[in-house]
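Each chain, written out:
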Amino acid sequence: GKNVGILAMEIYTPRTYISQSKLEEHSGVSQGRYTLGLGQEAMAVTGDAEDVNSMALTVTHALLEKYKIDPNTVGRLEVGTETLVDKSKSTKTVLMDLFPNNTDIEGATVINACYVRCLDGRYAIVVAVDIATYARGPARPTCGAGAVAVLVGRNSPLALVDPRERATHASNVYDFFKPDHSVEYPVVDGALSQVCYYRALEDCYTKFCNKVDALNGVDQSSQGGSKDGDHFDADSADYFVFHAPYNKLVQKSYGRMHFVDARRKHARKLEGKNLFAEEKKAEEDDESDSPIAKEYLTKPIEDTYSDKALEGTLKNVSKSSYNTRLTDANAASKIVGNTYTASVFFGLASLVDKVGSRGELTSGKTAVVFSYGSGALATMYRLHIRDPTQSANETIGQGRIFTIDEMVKNLNIDQRLASREQVHPQELDLALETRARMHRGGAPYSPVYPTNGRMFPGTYYLNGIDSKWRRSYSRV
Ligand code: ACO
């Protein structure tokens, strides 16, 4: 009943970006391949003057500054990243420079998903940061870079009201991984990674629906007293926030959720064998109205992943719901690209920024969040929008209240992203070459990528790596 959740959020993405349509032209691929095929408009790009440590410093410093958080009131700091700069010394330890009088901070850097509990009386900060890079080829347009810092505490306006509203999918798959320490790039099986994402989503979503239904006392078979409309489905939440490698995958995945809904509904119907004849008839009529052909409702789900006809149907079925429930969360990632561990929080920030600035993120609404990390670990959970001024006695620290409005004011994402500088698509290759040189360059190393006038004020950058492999940073 402490309403632990998100109190404040800050995002960071490099100031320089590349247009996807210019990249299509530059790469000599067919027009529309990245913009329509992947649904992406632009992509953040950065060279060897930034690494995940500098980006984490940038975003965490800005969070503390904008929200005037006393570093001594923080008791836990967790960092999530998969762009490792060191196999032992965690990025969390680098961030300790921002907490000069406070060494009593729990937490470390974790690879893959991270869950955070906040300590009684003190705040927790979660930082997710990544520079997404790929070797030349079809995955190149799905690069990106970004960081998010989230302040976690009690009496939050975006709360995990009931931690039981959460479902996980963990499995051992080789869809995307980084076995070669001599390169920054992953080994990726693009087609497999899409299917792994769908499987994780469908598994999390099915378990999540069952849990929410159980918590609401809704029966899973038609034999019980529950009506079909009582069940949780893809239209039950006000918003969804998905891990977003590229926009098209999110659109298709949301279609798959509607597919799961139709299959669950059908399964409930089959369970309800003792229904009276006319009720059964009514349900059959209802199902025959469904645009999803009946054969798909019982087919092994594994046989449906590459079915283009089904994909088209699901797109139509989910389109308008997608527009109201997911477009706002995806606005930022469409022009920033993939940010790996930060992606889902970027989506959440985008949602708060867009919907909140219209005054529509009102108390009582819900957002279902789906995070996915290749390998694979995925979790789905539900956040509730609430008014923290109604329960000020739950607040920790000096009784400070954090609101959606304050987040909206500080995030200001539209304006910040609009003030970025578009650079020539050839900079993607150049930037990645400098990063590759840094990666295998050893020590000492001095970044060659320009910083002057190229970074937002307040951005940290890598000064260099000294002969003893120690990295130092400065702030613009
Ligand atoms: N105009 C319009 N659409 C086009 C055009 C064009 N000129 N050219 C191609 N397309 C469409 C294709 O028809 C296809 O559409 P579909 O998705 O409806 O089938 C789409 O563009 C993608 O094209 P493909 O040939 O299927 O795939 P591509 O070779 O472009 O690679 C991929 C895409 C696999 C996503 C690649 O970029 C990749 O490997 N990225 C990294 C892995 C990734 O992000 N995986 C996601 C989950 S795991 C994670 O988060 C890392």
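Residues numbered from 1 in each chain as written. Predicted model: local features only at pLDDT ≥ 70, side-chain atom pairs only at ≥ 80, totals over all residues.

- An unreviewed UniProt entry lists the chain under the name Hydroxymethylglutaryl-CoA synthase, from Skeletonema marinoi.

A closer look at the pairing of strand β4 (residues 74-80)
Remember that side chains alternate between the two faces of the sheet whenever the strand is regular.
Phase 1: When you tally the buried positions in β4, you get 6 out of 7 residues, the bulk of the element.
Phase 2: Here β4 runs beside strand β6 (residues 123-132); their pairing, made up of 6 bridges, is parallel. Residue pairing in the sheet places Arg76 in a bridge with Ala124 of β6.
Phase 3: With 2 bridges joining them, β4 and strand β5 (residues 109-110) adopt parallel strand pairing. Counted as the bridge partner of Gly80 is Val110 from β5. (Buried ≥ 20, exposed ≤ 12 C-beta atoms within 10 Å, placed from the backbone. Helix = DSSP H or I, 4+ residues; strand = E, 2+ residues; numbered from the N terminus. Pairing = 2+ DSSP bridges.)

Brief notes about the UniProt feature "active site" (unreviewed entry) in the chain
Phase 1: The UniProt entry lists Glu82, Cys114 and His243 under the feature "active site" (unreviewed entry), expressed in the numbering used here.
Phase 2: On the basis of neighbour counts, which here come to 22 C-beta atoms within 10 Å, the residue Glu82 falls in the buried class.
Phase 3: According to the C-beta neighbour criterion, His243 is buried, with 29 such atoms within 10 Å.
Phase 4: Apart from residues no more than four positions distant in its own chain, His243 is found in contact with Ser343, Val344, Phe370, Ser371 and Tyr372. (UniProt positions renumbered as here; feature names shortened; annotations may be inferred. Contact = placed C-beta atoms within 7 Å.)

Quick look at helix α4 (residues 190-215)
Phase 1: A rise of 1.5 Å per residue sets the reference length of α4, with its 26 residues, at 38 Å; its end C-alpha atoms lie 37 Å apart and thus fit the reference within 8%.
Phase 2: Among the residues of α4, those classed as buried are Ser193, Cys196, Tyr197, Tyr198, Arg199, Ala200, Leu201, Cys204, Tyr205, Phe208, Cys209 and Val212.
Phase 3: Each element contacted by the buried residues of α4 is listed here: β9 (166-170), β10 (176-177), β11 (187-188), α5 (247-271), β13 (366-373) and β14 (377-385).
Phase 4: Downstream of α4 by one or two residues, Gly217 has phi in the positive range, about 70 degrees. (Expected span 1.5 Å × (residues − 1).)

Here's the deal with the UniProt feature "binding site: CoA" (unreviewed entry) in the chain
Phase 1: In this numbering, the UniProt entry assigns the feature "binding site: CoA" (unreviewed entry) to Ser193, Lys248 and Lys252. Across 60 residues of sequence, these annotated residues stay compact in space, with a maximum C-alpha separation of 13.7 Å.
Phase 2: With respect to the secondary-structure elements, Ser193 resides in helix α4.
Phase 3: Looking at Ser193, the number of C-beta atoms within 10 Å reads 21, which means it is buried.
Phase 4: Aside from chain neighbours lying at most four places away, what touches Ser193 is Asp175, Phe176, Val188 and Ser374.
Phase 5: Structurally, Lys252 is set in helix α5.
Phase 6: In this structure Lys252 comes out as partly exposed when scored by C-beta crowding, with 17 C-beta atoms within 10 Å.

Considering the site of the ligand
Phase 1: Around the ligand, 20 residues are found, and the nearest of them are Gly32, Gly37, Pro138, Gly190 and Pro245.
Phase 2: Only α4 and α5 provide two or more residues apiece to the shell around the ligand.
Phase 3: With 4 residues, the top contributor of residues to the shell around the ligand is α4.
Phase 4: When grouped by side-chain class, the residues that make up the shell around the ligand number 9 nonpolar, 9 polar and 2 charged. (Near = placed C-beta within 6 Å. Nonpolar A, V, L, I, M, F, W, Y, C, P; charged D, E, K, R; others polar.)

Remarks on the sheet that holds strand β3 (residues 42-44)
Phase 1: Within the open sheet, the 3 strands sit side by side as β3-β2-β15. Their pairing is mixed. Edge positions in the sheet fall to β3 and β15 (421-422), since each has one partner strand and no second.
Phase 2: In the sheet, strand β2 (residues 16-19) pairs with β15 via 2 bridges, with the strands oriented parallel. Bridge pairing in β15 links Thr16 to Glu421.
Phase 3: Of the strands in this sheet, β2 and β3 are in contact with helix α1 (residues 20-27), which crosses β2 at around 65 degrees. (Axes fitted to C-alpha atoms, helices over the stretch in contact; angles between N-to-C directions.)

Thoughts on the confidence of the model for the chain
Keep in mind that low pLDDT regions are not for reading the predicted coordinates in detail.
Phase 1: In this model, the chain carries an average pLDDT of 92, and 92% of its residues clear a pLDDT of 70 or more.
Phase 2: As a predicted assembly, this complex carries a pTM of 0.94 together with an ipTM value of 0.97. (pLDDT = per-residue confidence, 0-100.)

Re the packing of α4 against α5
Phase 1: Running from N to C, α4 and α5 cross one another at 45 degrees; their axes reach a closest spacing of 10 Å. Put simply, α4 runs oblique to α5. Crossing of α4 against α5: the hand is right-handed. Between α4 and α5, the contacting residues are Gln194, Tyr197, Tyr198, Leu201, Glu202, Tyr205, Thr206 and Cys209 on the first element and Leu249, Ser253, Arg256, Met257, Val260 and Arg264 on the second.
Phase 2: Residue composition of the contact of α4 with α5, grouped by class: 8 nonpolar, 3 polar and 3 charged. (Parallel < 35°, antiparallel > 145°, perpendicular 65-115°, else oblique. Left-handed = near helix turned anticlockwise from the far one by under 90°.)

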